There are 2 protein chains.
Amino acid sequence: MPPQTSADTRTGRIPMALPRPRVADSRFRPSAFSGEAVPFEVTAFREGHDIIGVHVRLTSPSGDVSLHALNALHDGFDRWRTTISPIEEGVWTFRFEAFGDDFATWEHAAELKIAAGVDSALMREIGARLFDAAGREKDRSAPQRRMLAEASATLRSADVSDDDALVVVRDPAIAAFFHERPVQSLLTIGPDHELLVERERAGVGAWYEFFPRSEGARRLKDGTVKSGTFRTATKRLPAVAAMGFDVLYLPPIHPIGEVNRKGPNNTLTTKAGDPGSPWAIGSAAGGHDAVHPDLGTLADFRAFVRAARAEGLEVALDFALQAAPDHPWVAEHPEWFTTLPDGSIAFAENPPKKYQDIYPVNFDNDPEGIRAEALRIVRHWIAQGVKIFRVDNPHTKPLQFWEWLIATVNAEHPDVVFLAEAFTRPAPLLGLAQAGFQQSYSYFTWRNTKVELEEFLAWISDETADVMRPNLFVNTPDILTEYLQYGGRPAYKIRAALAATGGASYGVYAGYELIENVARPGSEENIDNEKYEYKFRDWAAADAAGTTIAPYLTRLNEIRRAHPALRQLRGLTLHWSDDSAILVFSKHIDGALTASGRPDTILVVANVDPHSTRQTTIHLDSTVWGVPRGHDFDVEDLITGATWTWNQDAFVRLDAFQEPVHILHVKETP
Amino acid sequence: MPPQTSADTRTGRIPMALPRPRVADSRFRPSAFSGEAVPFEVTAFREGHDIIGVHVRLTSPSGDVSLHALNALHDGFDRWRTTISPIEEGVWTFRFEAFGDDFATWEHAAELKIAAGVDSALMREIGARLFDAAGREKDRSAPQRRMLAEASATLRSADVSDDDALVVVRDPAIAAFFHERPVQSLLTIGPDHELLVERERAGVGAWYEFFPRSEGARRLKDGTVKSGTFRTATKRLPAVAAMGFDVLYLPPIHPIGEVNRKGPNNTLTTKAGDPGSPWAIGSAAGGHDAVHPDLGTLADFRAFVRAARAEGLEVALDFALQAAPDHPWVAEHPEWFTTLPDGSIAFAENPPKKYQDIYPVNFDNDPEGIRAEALRIVRHWIAQGVKIFRVDNPHTKPLQFWEWLIATVNAEHPDVVFLAEAFTRPAPLLGLAQAGFQQSYSYFTWRNTKVELEEFLAWISDETADVMRPNLFVNTPDILTEYLQYGGRPAYKIRAALAATGGASYGVYAGYELIENVARPGSEENIDNEKYEYKFRDWAAADAAGTTIAPYLTRLNEIRRAHPALRQLRGLTLHWSDDSAILVFSKHIDGALTASGRPDTILVVANVDPHSTRQTTIHLDSTVWGVPRGHDFDVEDLITGATWTWNQDAFVRLDAFQEPVHILHVKETP
């Protein structure tokens, strides 16, 4: 049967609209990560009462074609959906196909009309003809032909009453046969769409951040500090790996400007030995392609990357396109900066505040020159073994530049991942994701109440998930929220548990496990910020004293590795609780979409008030994980090992000072 | 200055996204009616702190180009907006243009930095250079050049203190000069978009529906009925016009099938003289291009149309693509219907219900033949003077067909208006509007509570307004809601007032003014439905007895004619009331967008509970009509003539049995 097309209308015979995955700005394509459970949706309907079916036809980057049936959501909005997990990396194409489902239409009408004694003979004859035609198709097995022939004969037999004919209408074997091989009419083919599938780490991972200069730094007898090096920092790798992290992110490792260097706590005066901010990049020792002499050599860095890889850690580098006043660029390419009427180069500023240790790049005087230099730098670090870049403040540079850079780099190296550190408004945040950034920092640190978190989780797991993959860092050298400043150890556990389970990527900046929660007064940063000085952390003493939550982080990462539902951005459902601070959500993935073939369900019940014990009843929609309403199911707390048999309404009591969060594995029901 | 483009990115130098007016399905274009106040919006932002400006460049169908500045909404989402009222009918194009606003950037930084004593000399010099450059432009008047030169000299003068230099920064004349003529950098041109502007009646109008056969029908002495005719119905036209209606819609005027004709109250048995449903079209007397012999001749119809036009009424015809079993099509074109295996033609049905007086058209056997016939019929009635068609149940025919038909008709006659009678789900409802229907029946009749109405009004006036223009019929021959059945005269007044003010088009089916509210038991239709019989209404007696609300409808239509804000679909704002049944909304239009040049504001305060008296405090956002918070303003009740001076919080008391609705004119403040 030829597809129905109409050269002179935009509407197909069976109208379809609003396909998903989709980016609202149709100039851009949606993206996913390998193994992501991606909902494919479309609005489809037809006139009248006849029943339709909808398929999605996927073509993988290497040309494999597969066809998948969508389910009607019966949501009143004519949406259809199926969830598919593309594995192969590259650009997939997909299109939706809608058709009249002649068997389903007959089945529905026959059921109603034969039962009502209306047009019974007619409905039986129509059915018999359908079955006869289906039996004549080429690819039918002998048993299938027999089943169809028998059904047809039954429908036509004068000896068979209408009541008995209804048995054929209701035969599940026949329904299953036609569900697999629908009798299609008015086949309508939608337009082709694209979906970019990137490697799993583009969307999934547990990140850890440390300053290599602090790892192995020693205070000498004369009071000065001997910087840590790549070699000394290498010694910390096994511990980071043992905690179960996937990615180790390093702040800039380049020479730090000497001119206008900042002192401790962001002061304008420095004393000898103050190391300066790694983000004030460049000095006589070199620029963005150089390694800070205190850290070692480029060879040392490569060895560090290799050592990390041996521990199962991938190293991510910072990419901060800005310069200290003594960066080599300033002399060689003054046109890359803004020269003021008085002949000086403009500092970074947020009027009237100034940042005297940094010159921002002016992208408009020599856009081609800056593009070439940025590409050269990225290629340089790729050549050293780096495939992940955490981009500093990308929203302060032209969006156009990032679209070009990421497309150019990914054309050469599709496995390179860029994380946007853009704590900014939704339009530029989503704009960066749309332009190509594989990951984005998000608003997570400022979403602390139950209501805030519910909105945030819905936003990241559904509303923006076709375009943005958030990385839920719990803290950064720049962010120590009030919640962490005042919430104590419970706050640190709550935020880590939510970050590790609420998204698919999350991150921890070193010191978090030690509950470093003292802020510089009046600010949202740690006092004695590591950006401007060395940190001496006694990991062993903290282990011995039990003051670290490293074991908790370790357990969270173990749970993430064991549970594929937690390595998904989507599949998140919010559930109701009667308490204003008890947040409940589940993550579920179907067995058809996991490597093991088994479904996986994790239920998170969190007391997000770090100051109290809360108890309440929660109300679970267990149908999300396949348990009918009113049926029991077993859960195991993966933190404490406790097990319960729950129903849709469960009582919980969460003492923030003991275990503020249940992370429950919902057991497969037999 | 040349615009900034980048051949290799989809992002412009200044990113722009999500333009509006816009249809979510980008294959279709948005539409508006002539004189509609259309919001033009776009998301635009740039990196860093520099200030941008956004313009929209409109090109009218005849090629006139105009440029309009958008205002930043400061909503956190980087949206920009201006409202424009296109008058010329046809396809407009528009594009957004974003640019760095160098004066605004300087003004902002200079204000902060000079006041803080930071870089004062530098900021003064940058300003002086901006003013010098602006003064060198060609199209400057002598006073402008003088103003700029003086400002430049002041900024550079060593005798002028920083405090005095700030006077220049804050000079409103200079700010106004640069607001009109922004100093642009990084000019970014967005893509071209289209907006279809149709005649005002496509979006605005008060409709009245009557059955011509009832107007002048007489019961004869032998008990039979003599049908009304176009001639007798003509006598009713002055009364309809006097009520202030714009459009008179007639149910089908064609010959009615004799086969399987329905009797009173939709019964299957008829007796001699039962006129049948006008929607069962066609008999030996003719089909869709014929006039029912009882009504007169085609010449009589043309005379009726002329008489209506003389009264200021435009006649709308029904277009119902279906046939009675004795329609000439059935013999001539059996392929236009569905033939069943038993050789019979399929009736319309909703299994297991059947409609034996109607054969639905099958559009798939001979699509080209049906297209040609439908076009022939529409052209035929256009030739008789009809330019508005109310399309019966378009959602039961292929959407593709309507897209083709409307585009084809409008290419010949851009002023032809099609109203979709599609009481169906949102996807097909919006699909029909998107495919070209100028107007749509809506969910209005089933939105009766305050919360329902608030959602509905927001949906029609904003969410869907780029694509759909609803016609808020208060009743139809098929719809007599429970609200009307049980709410008495107050319900009829409330619904009429909401329909007349909530949308831009509304409609009334004859008998509404007489509070005809008795339903066929168990149904949502009038008993003794006019579809199946003649109605004898004694208008004069009702006038005399005061039992009609015709005077109320007349007043509503007078108010609509006097107030341009009510002839707008948009510009609606919901306001808060403390009562669960008191609905408050305003409609406002700026003076720049009205024919008179004066702004217009109507405030509607409705007690939507027809059974009670309610009193409450309402809370008005008077800034919508330009009155600052806390200031007084005067209102006049256009129904009762009462006047009050109100503030943002006002007390109201609405007795449903007296006047359930305030329609208040908010007076211009001096």
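Residues numbered from 1 in each chain as written. Chains lettered and ligands numbered in written order. Predicted model: local features only at pLDDT ≥ 70, side-chain atom pairs only at ≥ 80, totals over all residues. Heavy atoms only, no water.

The subject of this paragraph is the domain arrangement of chain A. Residue and element names in this part refer to chain A. You can read the domains of chain A as domain 1 (1–198), domain 2 (200–564) and domain 3 (565–666). Placing the centre of domain 2 and that of domain 3 at their C-alpha centroids yields a distance of 33 Å. Listed as interface residues are 38 residues of domain 2 and, on the opposing side, 38 residues of domain 3. Of the roughly 3,000 Å² buried at the junction of domain 2 and domain 3 (both faces included), carbon and sulfur atoms supply 65%. Area buried by domain 2 at its contact with domain 3 is led by K450, H563 and P564, which between them contribute 24% of it. Taken together, the connections running from domain 2 to domain 3 amount to 2 salt bridges. Where domain 2 meets domain 3, there are 19 residue pairs in polar contact (both at pLDDT 80 or more). Elements that contribute at least two residues to the side of domain 2 that touches domain 3 include exactly helix 13 (450–463), helix 14 (482–502) and helix 16 (550–562). In the side of domain 2 that touches domain 3, the residues fall into 21 nonpolar, 8 polar and 9 charged. (Domains from an automatic or database assignment. Contact = heavy atoms within 4.5 Å. Buried area = accessible area lost by both parts, 1.4 Å probe. Salt bridge = Lys/Arg side-chain N within 4 Å of Asp/Glu carboxyl O. Polar contact = N/O pair within 3.5 Å; in protein donor to acceptor, adjacent residues only side chain to side chain. Helix = DSSP H or I, 4+ residues; strand = E, 2+ residues; numbered from the N terminus. Nonpolar A, V, L, I, M, F, W, Y, C, P; charged D, E, K, R; others polar.)

Our next topic: the environment of V508 of chain A. Residues and elements named next belong to chain A. On the secondary structure map, V508 appears in strand 24 (residues 505–509). Judged by its relative accessible area of 0%, V508 falls in the buried class. Separated by 311 residues in the primary sequence, V508 and V197 place their C-alpha atoms 26 Å from one another. (Buried < 20%, exposed > 50% of the residue type's maximum accessible area, 1.4 Å probe, protein only.)

Now for helix 3 (residues 142–156) of chain B. All names here are of chain B. For helix 3, built from 15 residues, the straight-helix expectation of 21 Å at 1.5 Å per residue is met to within 8% by its first-to-last C-alpha distance of 21 Å. The set of residues buried in helix 3 consists of Q144, L148, A151, S152 and L155. Mapping the buried residues of helix 3 onto a view down its axis gives an arc of 100 degrees, with all of them on the same face. Turned more than 90 degrees away from the buried face of helix 3, the exposed residues are A142 and E150. (Expected span 1.5 Å × (residues − 1). Arc of directions from axis to C-beta.)

Residue and element names in this part refer to chain A. Applying the stated criterion to the full structure yields 72 aromatic pairs over all chains. Between F389 and F418, the ring centres sit 5.7 Å apart and the planes meet at 25 degrees, which makes this aromatic pair stacked. With F389 in strand 20 (residues 388–392) and F418 in strand 21 (residues 417–421), the pair connects residues that are 29 residues apart, well separated along the chain. Each ring, one from Y492 and one from Y512, has its centre 4.5 Å from the other, and the planes form 40 degrees; the classification is tilted. Taken together, the positions of Y492 in helix 14 and Y512 in the loop between strand 24 and helix 15 (539–545) put the pair 20 residues apart, joining distant regions of the chain. With relative accessibility at 1%, the residue Y492 sits in the buried group. The class for Y512 is buried, based on a relative accessible area of 0%. Through successive ring pairs, a cluster of aromatic residues spans Y208, F210, F230, F245, F301, F304, W381 and Y506. Between R495 and the ring centre of F444, over which it is positioned, the NZ or CZ distance is 3.9 Å. (Phe/Tyr/Trp six-rings, centres within 6.5 Å; stacked < 30°, edge-to-face > 60°. Lys NZ or Arg CZ within 6 Å of the ring centre and 35° of its normal.)

This part covers the sheet that holds strand 7 (residues 79–84) of chain B. Residue and element names in this part refer to chain B. Strand order in the open sheet made by the 4 strands is 1-3-7-6, with antiparallel pairing throughout. Because the sheet does not close on itself, it has two edges, and the strands there are strand 1 (16–20) and strand 6 (71–72). In terms of strand pairing, strand 6 meets strand 7 through 2 bridges, oriented antiparallel. Each bridged residue has a counterpart across the sheet, and for N71 the counterpart in strand 7 is R81. (Pairing = 2+ DSSP bridges.)

Let us now look at the pairing of strand 23 (residues 470–473) of chain A. Residues and elements named next belong to chain A. The alternating pattern of strand 23 places P470 and L472 and N471 and F473 on opposite faces, both of which are buried. Examined bridge by bridge, strand 22 (residues 439–441) and strand 23 share 2 bridges and lie parallel to one another. Paired with S440 across the bridge in strand 23 is P470. Between strand 22 and its parallel partner strand 23, the chain crosses via helix 13, and the hand of that crossover is right-handed. Note: strand 23 against strand 24, 3 bridges, orientation parallel. Bridging from a neighbouring strand, F473 pairs with G507 of strand 24. Between strand 23 and its parallel partner strand 24, the chain crosses via helix 14, and the hand of that crossover is right-handed. (Right-handed = clockwise from strand over helix to strand, strands pointing away.)

With that out of the way, let us pick up the sheet that holds strand 20 (residues 388–392) of chain B. Residue and element names in this part refer to chain B. Taken in spatial order, the 8 strands line up as 11-14-15-20-21-22-23-24 and close into a barrel, and their pairing is parallel. Going from strand to strand, the sheet's axes swing by 25 degrees on average, the running direction of each strand aside. With 2 bridges joining them, strand 21 (residues 417–421) and strand 22 (residues 439–441) adopt parallel strand pairing. Residue L419 lies in a different strand from strand 22, and its bridge partner there is Q439. (Axes fitted to C-alpha atoms, helices over the stretch in contact; angles between N-to-C directions.)

Once that is clear, we can look at the relation of the copies chain B and chain A. At an RMSD of 0.1 Å, chain B and chain A line up after a rotation of 180 degrees and a shift of 0.0 Å along the axis. Given the turn and translation reported, the copies of this chain are related as if by a two-fold rotation axis. A share of 100% of interface residues in chain B that are also interface residues in chain A marks the association as one of identical surfaces. (Least-squares fit on C-alpha atoms with pLDDT ≥ 70 in both.)

Take the pattern of salt bridges next. Within the structure shown, the criterion is met by 102 salt bridges over all chains. The partner of D25 of chain A in a salt bridge is R27 of chain A, with the nearest N and O atoms 2.7 Å apart. D78 of chain B is the partner of R425 of chain A in a salt bridge, and the nearest nitrogen-oxygen pair spans 2.8 Å. On the criterion of chain membership, the pair formed by R425 of chain A in the loop between strand 21 and helix 12 (426–435) and D78 of chain B in the loop between strand 6 and strand 7 is interchain, its members lying in two chains. For R425 of chain A, a relative accessible area of 34% corresponds to the partly exposed category.

Right, let's get into the interface of chain B and chain A. Note: interface size is frequently given as the accessible area lost on complex formation between the parts. Opposite the 59 residues of chain B that make contact, chain A presents 59 residues. A combined buried area of about 5,300 Å² lies between chain B and chain A, and 57% of that area is made up of carbon and sulfur atoms. In this assembly, chain B and chain A are joined by 12 salt bridges. R371 of chain A serves as the salt-bridge partner of D8 of chain B, at 2.7 Å between the closest nitrogen and oxygen. At the junction of chain B with chain A, the criterion picks out 22 residue pairs in polar contact (both at pLDDT 80 or more). For the side of chain B that touches chain A, the elements supplying multiple residues, two or more each, are strand 1, helix 1 (102–116), helix 2 (120–136), strand 17 (348–350), helix 11 (399–412) and helix 12 (426–435) of chain B. Split by residue class, the side of chain B that touches chain A holds 25 nonpolar, 14 polar and 20 charged.

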